[in-house]
Amino acid sequence: MKKRGRGVAWMFYPIGFTAYANPSAAFVKVNQDGSAVVWTGATDVGQGSTTALAQIAADALGIPVELVTMVTSDTLQTPMDIGSVASRVTYIAGNAIVRACEMAKQILFEVASEELGIGPEGLESRNGWIFVRDFPERRVRLAEIARKAEVVKGRPVIGAGSYNPPTTFLDPETGHGKPYNTYVYAAQVAEVEVDTETGEVKVLRIAAVHDCGRAINPLLVEGQIEGGVAMGLGYALSEEMVLQEGRVLNTKLADYLVPTSLDVPPIDVEIVEVPDPTGPFGAKGIGEPSLLPTAPAIVNAIYDAVGVRIRELPATPERILMALREKEKEQPGRSVRDREDGRPEK
Amino acid sequence: MSFLYFVPATVQEAVELLSHYGEDAKVIAGGTDLVVRIRDGLIQPAALVDIERIPELSRISLEDSRLHIGATATIASILESIEVNHLAPVVSEAARQMGAVQLRNRATIGGNLASAVPSADMAPPLLVLEATVSITGPSGEQTLPIDEFFTGPHQSALRPDEVLTSIEIPVQESGTGAAFVKFGKRSAQVIAVVNAAAWVRIRKGRIEEARIALGAVAPTPIRARGAEVLLRGQEIRADLLEDAAQAAAMEARPITDFRGTLEFRRELCRVLVRRALEQAVQRAIKREQE
């Protein structure tokens, strides 16, 4: 018999660890044609951070994103970033890039203030123009100012910036303290169908609702969430290293079962944008958080479907079947499902 | 690793090469099993004889009321074949559940059988259809019932100087139905924990004859002949199919490995055989009414 159930799981996840140093630095140079080059140690391993960081640089300088060139993860040329880990890149490297851009922009605004007749603090830049905040029609091309700064004033438009959230350390005795700078939150709902004769679980649908601060690039955020859900699905149901006397028995991807495209269900993604005052343009992070609620949501859905609690992952068909047998032994004659809320059986 | 690589144009030429190199040669077609075994160092052939360029070996056709499937017909070409889909749909049903698209484009039906792995997905349907296999060696061609082909894990009736050339399936009469069921731990690209096929011929609510085959639960794919006897001549009832499934599970000789324990496999045998029987009976009834 096949039985359906739904499960929900929530999570919060820390962004920007502070228990030990967490630095990133960036350089930026604005060219005479109004384009810019950004040097960052942040490494894009496919998650799209180089794109998101270019968008951050473009908005911080006030130029179109297509005019930003990124030089990344080259230890000879770029300043250090400690790595694409801990879902920290957008938050930490993004903040470093914003600071580098602020420094370069200060040079631009100082030069532009002569032309626009107002102090640098009254200026803003957007889309290749520098303008008076209160009279936006009073404006000058950013490229013109960049050329003037370098050629006439001898002030190259460069900036350097770094970000390292205040290291707080933790109490060595208790482990207490403030270990992270900020947090993201999410909830996921899984709908499953359990085959009560084989223990097989088919995940029919996942809804994933995630806070990531400001979504710098919503499509990339959505991609991260979908990828995370697929990983969470493997964690929940099939990915298992089988050890025998310390040796791994399933040493190949033919035997260590990562979900295929046929195993991943439709995923409804919703992004909840709550800008964080400490993040670059309010951004936090999304990498790891996306996979955290998937397994507990699926395991809760299995419980809702057939009334057994699986406490060892992955929830393989064999483990579920054994749990169903145990339950039947405890309550002979009763069905595998014993709803606590008194609703009729599905 | 290094080996000689031959591409014979005829079966005759292939057999001559195999006779020359003997145990040191291996036949290769899609290579999806063989190349993995070479790379893992499990076998070290001195020569590979590639039979994929022998045109007649990939032919699928209807000949004298037998469906002929050439040994190098790919799983993908079997899926696309109207003849197979129409005359032996249970073979298509198994082909659809084998590997994934890329693998089905390379893997051949002959390779799936000649590798002689206990979990081969093409074996159970061919066992219940009582297919025969044609083998060509130095002394000519011979035909063998498929249940005499498998002799052990990675062992078959094929001698080192012989080539498996085709599989022949008798065309099914009215009132017959068959089904294949596979249990793997994900939806594609997975080796079966257990697979099973069932075939029945029914007349007026009675099972005249039944055949059951199981994979991945013994050193070779097997027929569950004891369970078949239980069904023969009986009126179709749900508890009869369950009893037969139970009997088939007791005929299985599974082992425990990382894909599943002995107990789990035996339980799967029961469930899969019952489901395969139920589907086979439904299909047979439908065909009887047509």
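Residues numbered from 1 in each chain as written. Chains lettered and ligands numbered in written order. Predicted model: local features only at pLDDT ≥ 70, side-chain atom pairs only at ≥ 80, totals over all residues. Heavy atoms only, no water.

## A look at the overall build of chain A
Moving on, step 1. Helix and strand content of chain A: six helices and 13 strands.
Moving on, step 2. Projecting the C-alpha coordinates of chain A onto the three principal axes gives extents of approximately 90 × 45 × 45 Å.
Moving on, step 3. Among the 346 residues that make up chain A, the fraction classed as buried is 49%.
Moving on, step 4. Contacts spanning at least 24 positions in sequence make up 72% of the contacts within chain A whose residues lie at least 6 apart.
Moving on, step 5. Accessible surface for chain A amounts to roughly 16,900 Å². Of this, 54% is attributable to carbon and sulfur atoms.
Moving on, step 6. Between the averaged position of the 35 positive side-chain charges in chain A and that of its 46 negative side-chain charges there is a distance of 3 Å. (Helix = DSSP H or I, 4+ residues; strand = E, 2+ residues; numbered from the N terminus. Buried < 20%, exposed > 50% of the residue type's maximum accessible area, 1.4 Å probe, protein only. Contact = heavy atoms within 4.5 Å. Areas by Shrake-Rupley, 256 points an atom, 1.4 Å probe, with all protein chains shown as cover. Lys, Arg positive; Asp, Glu negative; His and termini not counted. Charge placed at Lys NZ, Arg CZ, Asp CG, Glu CD.)

## Regarding the side chain of Asp-81 of chain A
All names here are of chain A.
Moving on, step 1. Secondary-structure assignment places Asp-81 in the loop between β4 (68-72) and α2 (89-116).
Moving on, step 2. Given a relative accessible area of 10%, Asp-81 falls into the buried group.
Moving on, step 3. Engagement of the side chain of Asp-81 in a polar contact is seen with the backbone nitrogen of Gly-83, the distance being 2.9 Å.
Moving on, step 4. When neighbours within four sequence positions are excluded, Asp-81 is seen to be in contact with Pro-23, Ser-24, Gly-41, Ala-42, Arg-88 and Ala-93. (Polar contact = N/O pair within 3.5 Å; in protein donor to acceptor, adjacent residues only side chain to side chain.)

## Brief notes about the packing of helix α6 (residues 317-330) of chain A against helix α11 (residues 262-289) of chain B
Moving on, step 1. At a closest axis distance of 11 Å, the pairing of α6 of chain A and α11 of chain B adopts a crossing angle of 85°. Overall, the two elements α6 of chain A and α11 of chain B adopt an arrangement that is roughly perpendicular. Between α6 of chain A and α11 of chain B, the residues in contact are Pro-317, Glu-318, Leu-321 and Arg-325 of chain A and Phe-264, Glu-267 and Arg-270 of chain B, respectively.
Moving on, step 2. Counted by class, the contact of α6 of chain A with α11 of chain B contains three nonpolar, no polar and four charged residues. (Axes fitted to C-alpha atoms, helices over the stretch in contact; angles between N-to-C directions. Parallel < 35°, antiparallel > 145°, perpendicular 65-115°, else oblique. Nonpolar A, V, L, I, M, F, W, Y, C, P; charged D, E, K, R; others polar.)

## Description of the environment of Trp-199 of chain B
Residues and elements named next belong to chain B.
Moving on, step 1. Inspection of the secondary structure puts Trp-199 in strand β12 (residues 194-203).
Moving on, step 2. With a relative accessible area of 2%, Trp-199 lands in the buried category.
Moving on, step 3. Residues Trp-199 and Ala-276, 77 residues apart in the sequence, show an inter-C-alpha distance of 8.3 Å.
Moving on, step 4. Setting aside chain neighbours within four positions, we find Trp-199 in contact with Val-128, Leu-129, Gln-172, Thr-176, Gly-177, Ala-178, Glu-209, Ala-210 and Arg-211.
Moving on, step 5. Only 2.7 Å separates the side chain of Trp-199 from the side chain of Gln-172, close enough to count as a polar contact.

## Focus on the pattern of salt bridges
Moving on, step 1. The tally for this structure, following the rule as stated, stands at 42 salt bridges over all chains.
Moving on, step 2. Taking the shortest distance from any N to any O, the salt bridge between Arg-133 of chain A and Glu-124 of chain A comes out at 2.8 Å.
Moving on, step 3. With relative accessibility at 24%, the residue Glu-124 of chain A sits in the partly exposed group.
Moving on, step 4. Residues Asp-239 of chain B and Arg-237 of chain B are paired through a salt bridge, measuring 3.0 Å at the closest nitrogen-oxygen approach.
Moving on, step 5. By sharing partners, the salt bridges in this structure join Asp-195, Glu-197 and Arg-325 of chain A together with Glu-242, Glu-267, Arg-270, Arg-274, Arg-275 and Glu-278 of chain B into a single network. (Salt bridge = Lys/Arg side-chain N within 4 Å of Asp/Glu carboxyl O.)

## Focus: the pairing of strand β3 (residues 36-40) of chain A
Residues and elements named next belong to chain A.
Moving on, step 1. With respect to burial, β3 is a largely interior element, five of its five residues being buried.
Moving on, step 2. Judged by which residues are buried, β3 turns out to be covered on both faces: Ala-36, Val-38 and Thr-40 on one side and Val-37 and Trp-39 on the other are all buried.
Moving on, step 3. Pairing of strand β2 (residues 24-30) with β3 involves five bridges; the strand directions are antiparallel. Paired with Val-28 across the bridge in β3 is Val-38.
Moving on, step 4. As paired elements, β3 and β4 share five bridges and run parallel to each other. (Pairing = 2+ DSSP bridges.)

## Focus on the packing of helix α10 (residues 238-251) of chain B against α11 of chain B
Residues and elements named next belong to chain B.
Moving on, step 1. Here α10 crosses α11 at 140°, and the two axes come no closer than 8 Å. In terms of orientation, α10 and α11 fall into the oblique class. Two packed elements cross with a definite hand, and for α10 against α11 that hand is right-handed. Contacts from Leu-241, Glu-242, Ala-244, Ala-245, Gln-246, Ala-248, Ala-249 and Met-250 in α10 reach Arg-266, Cys-269, Arg-270, Val-273, Arg-274, Leu-277, Glu-278 and Val-281 in α11.
Moving on, step 2. Residues that form the contact of α10 with α11 fall into these classes: ten nonpolar, one polar and five charged. (Left-handed = near helix turned anticlockwise from the far one by under 90°.)

## Section: the sheet that holds strand β1 (residues 4-6) of chain B
Residues and elements named next belong to chain B.
Moving on, step 1. Taken together, three strands build an open sheet; the order of strands is β1-β3-β2 and the sheet is parallel. On the outer flanks of this sheet lie β1 and β2 (25-28), each paired with one strand and no other. For this sheet, the mean angle separating the axes of adjacent strands, direction not counted, is 20°.
Moving on, step 2. Sheet topology places β2 next to strand β3 (residues 47-50); four bridges connect them, and they run parallel. The partner of Val-27 across the bridge, within β3, is Val-49.
Moving on, step 3. Helix α1 (residues 11-21) contacts β1, β2 and β3 of the sheet and is inclined by roughly 165° relative to β3.

## Here's the deal with the interface of chain B and chain A
Moving on, step 1. Facing the 21 residues of chain B at the interface are 20 residues of chain A.
Moving on, step 2. Of the roughly 1,800 Å² buried between chain B and chain A, counting both surfaces, carbon and sulfur atoms make up 56%.
Moving on, step 3. The largest contributions to the chain B side of the interface with chain A come from Arg-186, Phe-258 and Phe-264 of chain B, which together make up 36% of the buried area.
Moving on, step 4. Summed over the shared surface of chain B and chain A, the number is six salt bridges.
Moving on, step 5. The closest approach of N and O atoms between Asp-255 of chain A and Arg-259 of chain B, which form a salt bridge, is 2.8 Å.
Moving on, step 6. When the residues that make up the side of chain B that touches chain A are grouped by side-chain class, the tally is nine nonpolar, four polar and eight charged. (Buried area = accessible area lost by both parts, 1.4 Å probe.)

## A look at α2 of chain A
Every α-helix winds through 3.6 residues per turn, so residues three or four apart in the chain are directed the same way.
Moving on, step 1. Within α2 of chain A, 20 of the 28 residues are buried, which leaves the element mostly enclosed by the surrounding structure.
Moving on, step 2. Just downstream of α2 of chain A lies Gly-117 of chain A, where phi reads positive at about 65°.

## Points about the domain arrangement of chain A
A common way to report how large an interface is uses the accessible area buried once the components associate.
All names here are of chain A.
Moving on, step 1. Taken domain by domain, chain A consists of domain 1 (2-14 + 180-338) and domain 2 (24-163).
Moving on, step 2. Computed from C-alpha atoms alone, the centre-to-centre distance between domain 1 and domain 2 is 40 Å.
Moving on, step 3. If you look at the interface, domain 1 gives 18 residues, while domain 2 gives 16 residues.
Moving on, step 4. Of the roughly 1,200 Å² buried at the junction of domain 1 and domain 2 (both faces included), carbon and sulfur atoms supply 59%.
Moving on, step 5. Its largest share of buried area at the contact with domain 2, domain 1 owes to Ile-216, Pro-280 and Phe-281, together 41% of the area lost on that side. (Domains from an automatic or database assignment.)

## Digging into the environment of Val-203 of chain A
Residue and element names in this part refer to chain A.
Moving on, step 1. As for its placement among the helices and strands, Val-203 is situated in strand β10 (residues 201-211).
Moving on, step 2. A relative accessible area of 8% means that Val-203 is categorised as buried.
Moving on, step 3. When residues no more than four places from it in sequence are discounted, the contact partners of Val-203 are Glu-191, Val-192, Leu-233, Leu-237, Pro-265 and Ile-298.

## A word on a nonpolar patch on the surface
Moving on, step 1. A cluster of nonpolar side chains, Met-1, Phe-3, Tyr-5 and Val-7 of chain B, forms an exposed patch at the surface whose accessible area comes to about 420 Å².
Moving on, step 2. Its place among the elements puts Tyr-5 of chain B in strand β1. (Patch = residues over 30% accessible without salt bridge, like charges linked within 9 Å, V, L, I, M, F, W, Y side chains within 5 Å.)

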